[in-house]
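# Per-entry structural report
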Amino acid sequence: MSTSAITEPDCFAFGANDLSLKVALQQLEAGIGRVVSNERLPLAACLGRALAEPLTAHLDIPGVDSSAMDGYAFASASLVPGEQTSLRLREGRAAAGHPFSGTIAAGEALKILTGAPMPTGTDTVVMWEQATLVEGRLVVPPGITHGQNRRRRGEDMGAGQIVLGAGQCLGPQHLGVAARLGHAELNVYRRLRVALASSGDELAEPGARLPPGGVFDANRVILKAALASLPVKTTDLGILPDDPAIVRDVLIEAAARHDLIVTSGGASRGDEDHLVRTVRTHGMLHFWEVRMKPGRPLAMGRLRQSLFIGLPGNPVASLSAFLLFARPVILALAGATWPPTPFRLRPAGFTLQRTRRDRSEILRARLEPGPAGRAVLVERQASHILTSLVEAEGLILLEEGSGDIDEGQGVPFASLRDLGLAQ
Ligand SMILES: Nc1nc2c(c(=O)[nH]1)N[C@H]1C(S)=C(S)[C@@H](COP(=O)(O)OP(=O)(O)OC[C@H]3O[C@@H](n4cnc5c(N)ncnc54)[C@H](O)[C@@H]3O)O[C@H]1N2
Ligand code: MOO
């Protein structure tokens, strides 16, 4: 597969270990590049893909001046200012797809339907509800302005204008823009090949019998669903046991066929944290240990041809780290533009004494109803409390160094939707 602007062999190898969240994100944004090549696909298959080249309008849209309403077209110069005007109604009509071929003279009007090209000699449309027909003549009330109800040629898209930038992830509206310009295909980047695994002997598949001390695997379900909205093709590697030989074989095999391996669990330094050890032994590993809570044990590296992101095991930490770090990285690897920060200041509906200012804190919050929309914290904030992400509408990010929070003070809040969760 041919690639260009390929990511450095070890693109995570900058200022590893003990980074602030802000610096870590800045370094990733600067250091991560696309690793996928491009292909031409029919429009319907382009949904969710990143556009590989800018899309420039080669036509004016609308292609001609046309009517925005059902009514009557005439020249505004035919109207008597401040008074009602009687115009001679011409035979025939202009309809969408059926232009009127004649010319409308001064003092005349023609029936016109929404979307119809403006007949020669006309520049203004009165809606039929506002006009009256009196003995074959059209009476137009005062107050109709020049150009009213007329759509101008090229006012949506002008020929030569860039309407979609390269790297744009294509949603239904973007496909619509391409279709409106007459494109049946687009040049898009291939999907990033992502392998996803969970790790830990305690984990069991939902639906299976739970052994004593077992935990149903929630992270893989969450992450697979979150990946589904990105331009990736996910391979599910299942649950990796706490067995170094198996972990090694599965990861090395996956590395040969994927651009990126994403795992959760086994990311810290416990006896059974084999994932990171495998990557360190057979590839390159950077324990980032980003100064944030939750999500500090965030491992990044490379295993053979594949990049590696090791997310922490606690479900809230895993999803927060995925949304803040893995998602933008995946988008960039897949040729999409790095997403702008979704955090916006909201008034705090709480007070908080910050005991540790040497790390960023990610808190789950919801917005109070009403125009003020104060952000209030959900009650339980520990990183194993998965239901906190159901109670929450979004995350508050308190950067390291920032002080206590007083009620009413602006705090950076991003909705889960803006962070990339579809629902
Ligand atoms: N001595 C230290 N202990 C721990 C540290 C530390 O810095 N020093 N960090 C703590 C933090 S913070 C976190 S987060 C966890 C992360 O550790 P791991 O990534 O190695 O995660 P595990 O130990 O495998 O699991 C942690 C926790 O999460 C549960 N888990 C794991 N995977 C899943 C899954 N797929 N679905 C649901 N739940 C999962 C697992 O059962 C554990 O309860 O380490 C702390 N310890
Ligand atoms: O990442 Mo750990 O979950 O901070 O608690």
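Attention here is on the structure that accompanies the text. Because the structure is predicted, anything quoted here is derived from the model rather than measured.

Before going further, it helps to examine the site of ligand 2. Taken together, P294, G295, R296, P297, N314, A317 and S383 make up the full set of residues near ligand 2. Note that an oxygen atom of ligand 2 is positioned 3.4 Å from one of the side-chain N or O atoms of N314. At 2.4 Å, a side-chain N or O of S383 approaches an oxygen atom of ligand 2. In terms of residue class, the shell around ligand 2 is made up of three nonpolar, three polar and one charged.

Moving on to the site of ligand 1. By nearness alone, 20 residues border ligand 1, and E202, D217, A267, R296 and G313 come closest of all. With respect to ligand 1, the side chain of D217 contributes an N or O atom lying 2.8 Å from a nitrogen atom. In this structure, an oxygen atom belonging to ligand 1 sits 3.2 Å away from a main-chain N or O atom of N314. In the complex, the protein chains occlude 64% of the 870 Å² of accessible area that ligand 1 would expose alone. For ligand 1, the cavity whose grid points lie within 2 Å of the majority of its atoms is the second largest pocket.

Our next topic: helix α6 (residues 315–333). Along α6, the helix axis deviates most sharply at F322, where the bend reaches about 45°. Backbone geometry just downstream of α6 places G335 in the positive-phi region, at approximately 90°.

Another point: the pairing of strand β1 (residues 38–42). What you see with β1 is a clean split: E39 and L41 sit on the buried side and N38, R40 and P42 on the side with no burial. When β1 meets strand β12 (residues 185–189), the two strands line up antiparallel, connected through five bridges. For E39, the partnering residue across the bridge sits in β12 and is V188.

The next point concerns a negative patch on the surface. On the surface, D201, E202, D271 and E272 cluster together to form a negatively charged patch. Within the secondary structure layout, D201 lies in the loop between β13 (192–199) and β14 (203–204).

Note that S360 resides in strand β23 (residues 360–367). On the basis of relative accessibility, which here comes to 2%, the residue S360 falls in the buried class. Aside from chain neighbours lying at most four places away, what touches S360 is L21, R291, M292, K293, R354, L397, L398, E399 and E400.

Attention shifts here to the layout of surface pockets. The space that makes up the largest pocket amounts to roughly 940 Å³. Residue lining of the largest pocket: 35 residues in total, with R327, P339, P340, T341 and P342 positioned closest to the centre. Class assignment for the residues of the lining of the largest pocket results in 19 nonpolar, 11 polar and five charged. Each of domain 1 (19–37 + 191–333) and domain 3 (344–415) gives at least three residues to the lining of the largest pocket. By volume, the second largest pocket amounts to about 350 Å³. Tallied by class, residues from the lining of the second largest pocket come to eight nonpolar, nine polar and five charged.

With that settled, the discussion passes to the environment of K233. For K233, the location among the structural elements is in strand β16 (residues 232–240). In the structure, K233 is positioned 39 residues away from V194 in sequence and 6.0 Å away in space, judged by C-alpha atoms. If near-sequence neighbours (up to four positions away) are discounted, K233 is found in contact with R191, L192, R193 and V194.

Let's shift gears to the environment of P294. Within the element layout of this structure, P294 appears in the loop between β19 (292–293) and β20 (299–303). With 89 residues separating them in the primary sequence, P294 and S383 have C-alpha atoms 6.1 Å apart. Look past the residues within four positions of P294 in its chain and what remains in contact with it is V316, A317, S320, I362, R364 and S383.

What follows deals with the packing of helix α1 (residues 21–31) against α6. Packing of α1 against α6 brings their axes to within 11 Å, and their N-to-C directions diverge by 5°. Here α6 runs roughly parallel to α1, going by the angle between their axes. Across the interface between the two elements, L21, A24, L25 and L28 of α1 pack against L324, F325 and V329 of α6. Taken together, the residues of the contact of α1 with α6 sort by class into seven nonpolar, no polar and no charged.

Most peptide bonds take the trans configuration, and most residues that are not glycine carry a negative phi. The linkage connecting I61 with the following residue, P62, adopts the cis geometry, with an omega of -5°. Turning to its location among the elements, P62 is positioned in the loop between β2 (55–56) and β3 (66–67). Here the amide bond leading from K293 into P294 is cis, since omega sits at -5°, within 30 degrees of zero. A positive phi angle, near 50°, is found at E135, a position not held by glycine.

Right, let's talk about the pattern of salt bridges for a bit. The tally for this structure, following the rule as stated, stands at 23 salt bridges. A salt bridge links D358 to R356; the shortest N-O distance between them is 2.9 Å. Looking at R356, the relative accessible area reads 38%, which means it is partly exposed. R380 is the salt-bridge partner of E391, the closest N and O atoms lying 3.1 Å from each other. Highlighted residues: E391 in helix α7 (residues 388–391) and R380 in the loop between β24 (375–377) and α7, separated in sequence by 11 residues. Among the charged side chains, a salt-bridge network with shared partners connects E205, D217, R220, K224 and D236.

Calculation rules
Residues numbered from 1 in each chain as written. Chains lettered and ligands numbered in written order. Predicted model: local features only at pLDDT ≥ 70, side-chain atom pairs only at ≥ 80, totals over all residues. Heavy atoms only, no water. Near = heavy atom within 4 Å. Polar contact = N/O pair within 3.5 Å; in protein donor to acceptor, adjacent residues only side chain to side chain. Nonpolar A, V, L, I, M, F, W, Y, C, P; charged D, E, K, R; others polar. Areas by Shrake-Rupley, 256 points an atom, 1.4 Å probe, with all protein chains shown as cover. 1 Å grid on protein atoms, 1.4 Å probe; cavity = no way out; pocket = protein on both sides within 12 Å on 5 of 7 lines; lining within 4 Å. Sits in = over half its atoms within 2 Å of the grid points. Bend = angle between axes of the 7 residues up to and from the residue. Helix = DSSP H or I, 4+ residues; strand = E, 2+ residues; numbered from the N terminus. Buried < 20%, exposed > 50% of the residue type's maximum accessible area, 1.4 Å probe, protein only. Pairing = 2+ DSSP bridges. Patch = residues over 30% accessible without salt bridge, like charges linked within 9 Å, V, L, I, M, F, W, Y side chains within 5 Å. Salt bridge = Lys/Arg side-chain N within 4 Å of Asp/Glu carboxyl O. Lys, Arg positive; Asp, Glu negative; His and termini not counted. Charge placed at Lys NZ, Arg CZ, Asp CG, Glu CD. Contact = heavy atoms within 4.5 Å. Points joined across faces, edges and corners; volume = space filled by probe spheres on them. Domains from an automatic or database assignment. Axes fitted to C-alpha atoms, helices over the stretch in contact; angles between N-to-C directions. Parallel < 35°, antiparallel > 145°, perpendicular 65-115°, else oblique.

Read these as spatial facts, not as claims about activity.
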